[in-house]
Every structure is written in structure tokens, then in C-alpha cells.
Amino acid sequence: IIFNQIQAHVDAVVGTEDRTKLDMSYKPRGANDAGKADLYAAAAKSVEDGNGTDFEISTAFFQQAVGGLGWIYCGFNPDPEGPRILEEFVDWRDMRIDPFATKYDLSDARFIIRRAWLDVDEAISRYPEYEKAILESVGGAGPGDQAFSGVAGFDSEEERVWDMKGTLFGWR
């Protein structure tokens, strides 16, 4: 029999975060900055409302409470029908961090990379210059030609590849 004694504490911390959501506020630095601060506050609220940011932040906070790091991706949305600015939770399994970084805020990390699975056709459309390598990696270059099969990052059964060129933060 295993008694999970920490789960109640994690649930309490995560529940407290969930019940006490905070709104971002922007304060003017000088006498002439009041209009800008109001504009920034309205823009941030609009982005949060359009993305369901509260849910994304709660999910990242849960992973931070359990595993020590939580991730949120913030960038431009390629979907013309969706909001222009995208904020979404990123699973810790999709992040690659410099293993020699020693600071908790990762300011000394040489790289922070977000990995994502892509369908082969999407990978080719994003990176047409690597079409031959992408097709070879999933065994699509010809009969029996699987130059990169078995290499981490390539899934020949599902015909997917990892996108590690499109990084979240990139190399420092």
C-alpha cells in the first residue's frame, strides 16, 4: 500500500492559485504615461480573453508545482481565424534545456528548445529545403531507403518528425 502524502499539499497550492487569479496591471512611470499604461492593460486583457490564458496558466502552474518548471508559449498565431497573439501551455516533455545551466531562471542556459511533432507534409511545407532529409527520415525516399530510421526524433510508423528548428527561445 502506498500513501501519497504530498498530493493533498499540491492540490491545496494549485487550488489556491486557481481561486485567486490576478489581473495584470500596468502603471505609468511618468506623468505623461497614463494613456500608454491604460492601452497596454487593455491590450493584455484582450489577449488573455481571446486565448483562455487563465486555463493555460493554471495548467503550467500545476506542472510547475509538481515538476519544478511550467512553460507558456507566447507568439504569433499562424491561423488567420484565431487571435493574432497566441498564449498556450507547453508540456515539459516538449522542452529541451541546456543540461549545464546552473541558474534556476535559466539565464545562463546556452539554449532552450521547444520540440513539437509535425506531420511530414507540414514539415515539408515549413522547411522545403530539407524535403529530401525529411522524406528519408520516415522512409519515404524510396523502397527500402530508410537512412534515418531509428533515429530519435523521427517516427516512421506515424510519419511524423520533430520540429526542433522552430525553437521557442533558440540558442543564446
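Preceding this section is the structure that the text describes.
Residues numbered from 1 in each chain as written. Predicted model: local features only at pLDDT ≥ 70, side-chain atom pairs only at ≥ 80, totals over all residues. Heavy atoms only, no water.

Mind laying out the overall build of the protein, listing which residues take part and the relevant values?
Regarding its fold elements, the protein presents five helices and eight strands. Secondary structure elements of the protein occur, N-terminal to C-terminal, as α-α-α-β-β-β-β-β-α-α-β-β-β. Here the protein, with 172 residues, has 27% of them falling under the buried criterion. For the protein, the share of sequence-separated contacts (at least 6 apart) that also reach a separation of at least 24 residues comes to 50%. Within the structure as shown, the protein displays about 12,300 Å² of accessible surface, and the carbon and sulfur contribution to it stands at 56%. (Helix = DSSP H or I, 4+ residues; strand = E, 2+ residues; numbered from the N terminus. Buried < 20%, exposed > 50% of the residue type's maximum accessible area, 1.4 Å probe, protein only. Contact = heavy atoms within 4.5 Å. Areas by Shrake-Rupley, 256 points an atom, 1.4 Å probe, with all protein chains shown as cover.)

Describe the environment of Tyr104, listing the residues and the values that go with them.
Its place among the elements puts Tyr104 in the loop between β3 (95–97) and β4 (111–114). According to the relative accessible area criterion, Tyr104 is exposed, its value standing at 63%. Sequence-wise, Tyr104 and Gly68 are 36 residues apart; in three dimensions their C-alpha atoms are separated by 9.8 Å. Setting aside residues up to four positions removed in sequence, Tyr104 forms contacts with Gln64 and Gly68. A polar side-chain atom of Tyr104 sits 2.8 Å from the main-chain carbonyl oxygen of Gly68. (Polar contact = N/O pair within 3.5 Å; in protein donor to acceptor, adjacent residues only side chain to side chain.)

The analysis is restricted to geometry; functional conclusions fall outside its scope.
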